Amino acid sequence: MSSCPNCRHRIGLKPILQSNSLRGTICPRCGLNLRTQYWSSVLLTLVSLLAALFAGNFVRDAGPGFPAGLLSLLGAFTLVYLGLAPVLLRFRVKRKPLTLLER
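What you see is a predicted model; the values in this text were computed from it and never measured. (Residues numbered from 1 in each chain as written. Predicted model: local features only at pLDDT ≥ 70, side-chain atom pairs only at ≥ 80, totals over all residues. Heavy atoms only, no water.)

A. Examining the side chain of S40 more closely. Mapped onto the fold, S40 is located in helix α2 (residues 38-62). Classification of S40 by relative accessible area gives buried; the value is 0%. Not counting chain neighbours up to four residues away, the residues in contact with S40 comprise L88, L89 and R90. (Helix = DSSP H or I, 4+ residues; strand = E, 2+ residues; numbered from the N terminus. Buried < 20%, exposed > 50% of the residue type's maximum accessible area, 1.4 Å probe, protein only. Contact = heavy atoms within 4.5 Å.)

Rendered as structure tokens:
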């Protein structure tokens with residue numbers, strides 16, 4: 001499970017999907033600003049993409065046209081991504097950028 005490297009509190013899906021998550025994820029317990037490790041983000045995206053391609057190809061081979069294949073591809077990607085995000089993502093502390101006075 002994903003956890004904060006500072007307090008070891010479990011980070012669920014809600015803090016990951018909050019509106020400020022593009023700047024980083026905030027730990028719900030200690031309030032520390034976190035960012036995901038690169039390899040865990042890549043792994044999650046690849047697993048979601050492979051599942052989506054498999055589902056999209058399966059639906060297209062079954063007979064429905066383009067819109068059904070596209071919807072199944074997007075739906076499978078979203079479901080797998082949201083389902084595995086709390087399990088696969090690993091976090092580390094996000095450092096504050098240096099200001100001109102600190103350099």
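B. Here's a closer look at a positive patch on the surface. On the surface, R23, R35, R92, K94 and R95 cluster together to form a positively charged patch. Residue R95 is classed as exposed on the basis of its relative accessible area of 76%. (Patch = residues over 30% accessible without salt bridge, like charges linked within 9 Å, V, L, I, M, F, W, Y side chains within 5 Å. Areas by Shrake-Rupley, 256 points an atom, 1.4 Å probe, with all protein chains shown as cover. Salt bridge = Lys/Arg side-chain N within 4 Å of Asp/Glu carboxyl O. Lys, Arg positive; Asp, Glu negative; His and termini not counted. Charge placed at Lys NZ, Arg CZ, Asp CG, Glu CD.)

C. Fine view of the nonpolar core. Of all hydrophobic cores here, the largest spans nine residues; its members are C4, I11, I16, C27, L34, L44, A85, L89 and F91. Leaving out residues up to four positions away in the same chain, L34 has contacts with C4, P5, I11, G24, T25, C27, F91, R92, V93 and K94. (Core = buried A, V, L, I, M, F, W, Y, C linked by side-chain atoms within 4.5 Å.)

D. View of the packing of α2 against helix α3 (residues 66-88). Interhelical geometry of α2 versus α3 gives an angle of 150° and a closest axis separation of 7 Å. In terms of orientation, α2 and α3 fall into the roughly antiparallel class. The hand of the α2/α3 crossing is right-handed. Partitioning the contact of α2 with α3 into residue classes produces 18 nonpolar, six polar and one charged. (Axes fitted to C-alpha atoms, helices over the stretch in contact; angles between N-to-C directions. Parallel < 35°, antiparallel > 145°, perpendicular 65-115°, else oblique. Left-handed = near helix turned anticlockwise from the far one by under 90°. Nonpolar A, V, L, I, M, F, W, Y, C, P; charged D, E, K, R; others polar.)

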